[in-house]
Structures are given as C-alpha cells and as structure tokens.
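Examining the three-dimensional arrangement
Here is what each chain is made of, one letter per residue.
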Amino acid sequence: DTAVSQTPKYLVTQMGNDKSIKCEQNLGHDTMYWYKQDSKKFLKIMFSYNNKELIINETVPNRFSPKSPDKAHLNLHINSLELGDSAVYFCASSQALGGSGNTIYFGEGSWLTVV
Amino acid sequence: LAKTTQPISMDSYEGQEVNITCSHNNIATNDYITWYQQFPSQGPRFIIQGYKTKVTNEVASLFIPADRKSSTLSLPRVSLSDTAVYYCLVGELSNFGNEKLTFGTGTRLTIIP
C-alpha cells in the first residue's frame with residue numbers, strides 16, 4: 001500500500017486554467033505538506049498543515065490554495081496557471097511537525113507542465 | 001532559518017566509502033538533522049536522522065560534531081544503485097510554533113563502475 005499517494009502523476013494544461021492535485025496519506029499522520037521542486041531541483045516547502053490547520057505558508061502566490069478536508073488529505077488547487085508554475089509538486093506527511101525528530105514521507109510527485 | 005550548504009556534486013567508484021558533508025551554521029537548539037535520498041522521478045526518501053554525536057543504521061552513518069554546525073553522511077561501500085541526490089534537512093521550531101523545513105541544494109552523487 002502506498003503511504004502517501006498523489007494524483008495525477010502527470011498533468012499538462014494550458015495557461016490560465018485552474019487545476020487541482022490531490023493527496024492522501026494512510027499513515028495516520030497529523031501533519032501534511034506540499035513541496036515544489038523546480039527545474040533546478042531545489043526542493044522548497046510551500047505549505048504545511050497540522051491537524052487540518054495551516055501552519056506554514058511560505059511566499060507562494062495566492063493562486064495556490066491548499067485545502068485539507070481531514071487529516072488524511074491535503075489537496076492543492078492552483079488558479080490561473082502560469083508557465084512558471086511548471087514543476088514537480090510533492091505531497092508529504094509526518095507524525096508531527098517535521099523538524100522535531102519526525103520523518104517526512106513523500107509521495108511520488110505530480111509533474112505539472114503548463115503550456 | 002537554519003540554512004544548509006552541501007557540495008553540488010560528487011563522484012565515487014563502486015565499493016568505496018562516500019562522505020557527504022552539510023554545513024548548518026545557524027542550527028537551533030531544537031533542530032534535528034535529517035538526510036534524504038532522491039532518485040529520478042521519485043520523491044525523497046528518508047535515510048537517517050540525528051541530533052548529536054553519531055547515528056548508524058543499516059544504510060548509513062551520520063556524524064555530528066559537538067557544535068552541531070555541520071553533519072556528515074557516510075555511505076559504506078557504495079554501489080551503482082546509490083547514484084542519487086542527497087538532501088540535508090534541518091528542522092526549525094520558531095518561537096511561534098511554526099516550523100520551517102528548509103532543504104539544502106542537494107548533492108548529486110554519481111557512482112562510477
């Protein structure tokens with residue numbers, strides 16, 4: 001069973017569209033994250049939710065809106081997609097907030113290409 | 001933020017021991033140091049985590065000096081399958097309870113047959 005699963009794995013869409021990436025974890029973790037990995041391979045945190053509450057909101061355009069309907073799900077909705085949004089988006093989870101000795105488990109990534 | 005610095009790339013031959021060092025001069029008291037491995041087209045995978053001194057598991061060892069301003073991931077007897085990007089991660093717990101998890105630039109390790 002996949003611990004952290006995200007869909008779709010690949011997404012090609014046109015500029016200006018709105019798209020969503022879904023994420024689910026079956027580990028019983030309290031904290032979930034969205035990371036972005038760009039073409040230079042830098043892995044940057046975007047959002048973190050703990051028990052459905054937003055904990056971290058890095059400098060991300062407000063076109064990106066995370067939604068956590070429950071502890072096991074953290075979806076990422078992106079409005080008015082731009083070319084610069086093309087990247088790999090990783091969902092992740094941890095037992096608690098990740099820096100305090102907790103391991104972060106990553107999904108396989110969602111490859112977003114905006115054309 | 002506890003920023004990290006790692007070498008961008010390293011090459012090594014099969015069977016050798018590889019040591020990758022990460023600098024984190026501004027590490028905070030509550031921070032743990034975690035290393036992840038990422039293969040192409042996959043998400044990062046946990047390798048090892050430590051707070052101080054030395055930690056060893058079936059995959060690697062992690063050496064952390066007393067001042068904790070750096071850490072060294074040691075991979076014994078590497079094989080071709082160890083070719084990947086290795087990230088050093090230092091967690092931070094701010095006064096307000098927020099936590100910012102900054103990945104380093106990663107070290108691209110290439111194992112040569």
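Now for a quick tour of the structure. Not measured: the values here are computed from a predicted model.

Structural notes on the overall build of chain B
Helix and strand counts for chain B stand at zero helices and ten strands. Reading the secondary structure of chain B in the N-to-C direction produces β-β-β-β-β-β-β-β-β-β. Across the 113 residues of chain B, 46% fall into the buried class. Across chain B, contacts joining residues at least 24 apart in sequence account for 55% of those joining residues at least 6 apart. With the model as given, the accessible surface of chain B reaches about 5700 Å², and the carbon-plus-sulfur share is 51%.

A look at the sheet that holds strand S7 (residues 64–70) of chain A
All names here are of chain A. With respect to topology, four strands assemble into an open sheet ordered S1-S3-S8-S7, the strand pairing being antiparallel. A strand with exactly one partner marks an edge of an open sheet, and here the two such strands are strand S1 (4–7) and S7. With direction set aside, neighbouring strand axes in the sheet form an average angle of 20°. Pairing geometry for S7 and strand S8 (residues 73–78), over five bridges, is antiparallel. Note on S8: the bridge partner recorded for Ser65 is His77.

Regarding the nonpolar core
Judged by nonpolar contacts, the single largest core of 20 residues is most densely connected at Ile33, Trp35, Leu73, Leu75 and Tyr86 of chain B. Those elements that provide at least two residues to this core are strand S2 (18–23), strand S3 (33–38), strand S4 (45–50), strand S6 (61–64), strand S7 (70–75), strand S8 (84–90) and strand S10 (107–112) of chain B. Among the elements that make up this core, the one with the highest residue count is S8 of chain B (four residues). Ignoring sequence-local partners within four residues, the contact set of Tyr86 of chain B consists of Gln6, Ile20, Trp35, Tyr36, Gln37, Ile47, Leu73, Leu75, Gly106, Thr107 and Leu109 of chain B. The next biggest cluster of nonpolar side chains, apart from the first, holds 19 residues, and it includes Ile21, Cys23, Met46 and Cys91 of chain A.

Some remarks on the state of the cysteines
All names here are of chain A. As enumerated under the stated definition, the model contains two disulfides over all chains in all. At a sulfur-sulfur separation of 1.8 Å, the disulfide partner of Cys23 is Cys91. Judged by the torsion about the S-S bond (-80°), the Cys23/Cys91 disulfide is left-handed. Of this pair, Cys23 sits in strand S3 (residues 19–25) while Cys91 sits in strand S9 (residues 87–94), placing them 68 residues apart in sequence.

About the thresholds
Residues numbered from 1 in each chain as written. Chains lettered and ligands numbered in written order. Predicted model: local features only at pLDDT ≥ 70, side-chain atom pairs only at ≥ 80, totals over all residues. Heavy atoms only, no water. Helix = DSSP H or I, 4+ residues; strand = E, 2+ residues; numbered from the N terminus. Buried < 20%, exposed > 50% of the residue type's maximum accessible area, 1.4 Å probe, protein only. Contact = heavy atoms within 4.5 Å. Areas by Shrake-Rupley, 256 points an atom, 1.4 Å probe, with all protein chains shown as cover. Pairing = 2+ DSSP bridges. Axes fitted to C-alpha atoms, helices over the stretch in contact; angles between N-to-C directions. Core = buried A, V, L, I, M, F, W, Y, C linked by side-chain atoms within 4.5 Å. Disulfide = S-S within 2.5 Å.

Distances and angles like these do not, on their own, reveal function.
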